[in-house]
Amino acid sequence: MIERIWSGRSLLYILLLPLSWLYGLISNGIRLSYQLGWRKVWRASLPVVVVGNLTAGGNGKTPVVIWLVEALQRQGLRVGVVSRGYGGKAARYPLLLNADTTTAEAGDEPVLIYQRTRAPVAVSPLRREAVKALQDAGNIDLIVTDDGLQHYALARDFEIVVIDGVRRFGNGWWLPAGPMRERAARLSSVDAVIVNGGVARDHEIAMQLTPADAINLKTGEKKALTAFDQVVAMAGIGHPPRFFTTLKQQGITPVKEQAFADHQALSEAELRALTTADQVLMMTEKDAVKCRAFAAENWWYLPVDAELTAAPAAELLDKIKALCLPDII
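Within an unreviewed UniProt entry, the label attached to the chain reads Tetraacyldisaccharide 4'-kinase, and the organism entered is Winslowiella arboricola. What the UniProt record of the chain gives under Pathway (unreviewed entry) is the line "Glycolipid biosynthesis; lipid IV(A) biosynthesis; lipid IV(A) from (3R)-3-hydroxytetradecanoyl-[acyl-carrier-protein] and UDP-N-acetyl-alpha-D-glucosamine: step 6/6."

In structure tokens:
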């Protein structure tokens, strides 16, 4: 239902417009308060790059963060990542992730980023505290924040917005009548716009999510998707239909599709109940980090990589490298 409302296919959004106007008033007021200096903005001693979005969830932001971190690492930069850690609850903050950190402590996205990139990752509801922790740990040239475009308490040197190229901005209204955290006019003030799928427009960087071989959660074995039959698909991400569509585009028609809420905690019992003995459970990599500890032998996940158009991607990386000290470049 919410998808129909946000996409403009239902007029029920009209009933939610008063709440949207209130949301817009508050969000614009917060941003203005920082712009006018009524609230203090904290600036790190290192360059800060924000990767965020204008709409609620499911745009492909985390794959872009992973792509950016890995691309900068290949060019010799030491990158740290900061996240709010949504969905996790640590005993104390800031939390510096290590190989033993669980999604219950840090949230699923920070754990996924850490496992894929091995970059230093710090989590805190107060992002400046996470940034300070990375700075104090040393050996960092640049900070990338996973989300936080609307977190104006943290100064930033470069802003990247990720857009779902198929859904884009839906009906264009603020939450909850529409999907917008900020209106589309905000794009005029950001440094780069990356469009996931669909058709990129002028001055936007096209991106596709490319699946690799499926990986078994328990054994680490890799298999091409074409080797699978009788697949039950599950996804607990911002926009589960994208994962189900990806499987179909790769020739897999799931016998069942199970969507969970984004960041939802997953239990062994409920996941085991999804399949029979002759079926496999195929999930996203983001889901896999939450249930690897109790995985069954027939559980697999599908990693995806962000692929950006080469020339504009190289230009984007050059601009970010230029934020760092000349002797690093």
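Following the structure, the description resumes.
Chemist: Can you tell me about the overall build of the chain, naming the residues and giving the values?
Modeler: The number of helices and strands found in the chain is 10 helices and 15 strands. Since a compact globule built from 329 residues should have a radius of gyration of about 20 Å, the 20 Å found for the chain is in line with a globular shape. Seen through its C-alpha atoms, the chain measures out along the principal axes to roughly 60 × 50 × 45 Å. When the 329 residues of the chain are sorted by exposure, 53% land in the buried category. A separation of at least 24 residues holds for 72% of the contacts in the chain among residues at least 6 apart in sequence. Summing over all exposed atoms, the chain offers an accessible surface of approximately 15400 Å²; the carbon and sulfur share of this is 53%. Each charge class in the chain can be summarised by its mean position, and for the 36 positive and 34 negative side chains these summaries are 6 Å apart.

Chemist: So what's going on with the packing of helix α3 (residues 61–74) against helix α5 (residues 108–117)? Residues and values would help.
Modeler: Contact geometry of α3 with α5 gives a least axis separation of 10 Å together with a crossing angle of 30°. The orientation of α3 with respect to α5, classified from their angle, is roughly parallel. Seen from above, α3 lies across α5 with right-handed handedness. Of the residues in α5, those in contact with Lys61, Thr62, Val65, Ile66, Val69, Glu70 and Gln73 of α3 are Glu109, Leu112, Ile113, Arg116 and Thr117. Tallied by class, residues from the contact of α3 with α5 come to five nonpolar, three polar and four charged.

Chemist: Explain the UniProt feature "binding site: ATP" (unreviewed entry) in the chain to me, and be specific about the residues and the numbers.
Modeler: In the numbering used here, UniProt assigns the feature "binding site: ATP" (unreviewed entry) to Thr55, Ala56, Gly57, Gly58, Asn59, Gly60, Lys61 and Thr62. Along the chain, Gly57 turns up in the loop between β1 (48–52) and α3. Here Gly57 falls in the partly exposed class, since its relative accessible area comes to 21%. Residues contacting Gly57, with those up to four places away along its chain left out, are Arg167, Arg181 and Gly238. Checked against the element boundaries, Asn59 lands in the loop between β1 and α3. Residue contacts for Asn59: discarding those within four places in its chain leaves Asn53, Val162, Ile163, Asp164, Arg167, Asn196 and Arg242.

Chemist: Quick rundown of a nonpolar patch on the surface? Include the residues and the values.
Modeler: The grouping of Leu19, Leu22, Leu25, Ile26 and Ile30 at the surface amounts to a nonpolar patch, some 470 Å² of accessible area in total. Secondary-structure assignment places Leu22 in helix α2 (residues 13–35).

Chemist: Hey, could you go over the pairing of strand β8 (residues 205–211) for me, with residue numbers and the actual values?
Modeler: Where strand β7 (residues 192–196) meets β8, three bridges bridge the pair, whose relative direction is parallel. Bridging from a neighbouring strand, Ile194 pairs with Ile205 of β8. Note: β8 against strand β15 (residues 304–308), five bridges, orientation antiparallel. The residue of β15 that forms the bridge with Met207 is Leu308.

Chemist: Pulling in residues and values, what's your account of the sheet that holds strand β14 (residues 299–302)?
Modeler: Strand order across the open sheet formed by six strands is β10-β9-β14-β13-β11-β12, with mixed pairing between neighbours. Pairing within the sheet leaves two strands with one partner each, and these edge strands are β10 (222–223) and β12 (256–259). Helix α7 (residues 240–249) contacts β11 (231–235), β12, β13 (280–284) and β14 of the sheet and is inclined by roughly 150° relative to β11.

What counts as what
- Residues numbered from 1 in each chain as written.
- Predicted model: local features only at pLDDT ≥ 70, side-chain atom pairs only at ≥ 80, totals over all residues.
- Heavy atoms only, no water.
- UniProt positions renumbered as here; feature names shortened; annotations may be inferred.
- Helix = DSSP H or I, 4+ residues; strand = E, 2+ residues; numbered from the N terminus.
- Rg over C-alpha atoms; globule rule 2.2 N^0.38 Å.
- Buried < 20%, exposed > 50% of the residue type's maximum accessible area, 1.4 Å probe, protein only.
- Contact = heavy atoms within 4.5 Å.
- Areas by Shrake-Rupley, 256 points an atom, 1.4 Å probe, with all protein chains shown as cover.
- Lys, Arg positive; Asp, Glu negative; His and termini not counted.
- Charge placed at Lys NZ, Arg CZ, Asp CG, Glu CD.
- Axes fitted to C-alpha atoms, helices over the stretch in contact; angles between N-to-C directions.
- Parallel < 35°, antiparallel > 145°, perpendicular 65-115°, else oblique.
- Left-handed = near helix turned anticlockwise from the far one by under 90°.
- Nonpolar A, V, L, I, M, F, W, Y, C, P; charged D, E, K, R; others polar.
- Patch = residues over 30% accessible without salt bridge, like charges linked within 9 Å, V, L, I, M, F, W, Y side chains within 5 Å.
- Salt bridge = Lys/Arg side-chain N within 4 Å of Asp/Glu carboxyl O.
- Pairing = 2+ DSSP bridges.

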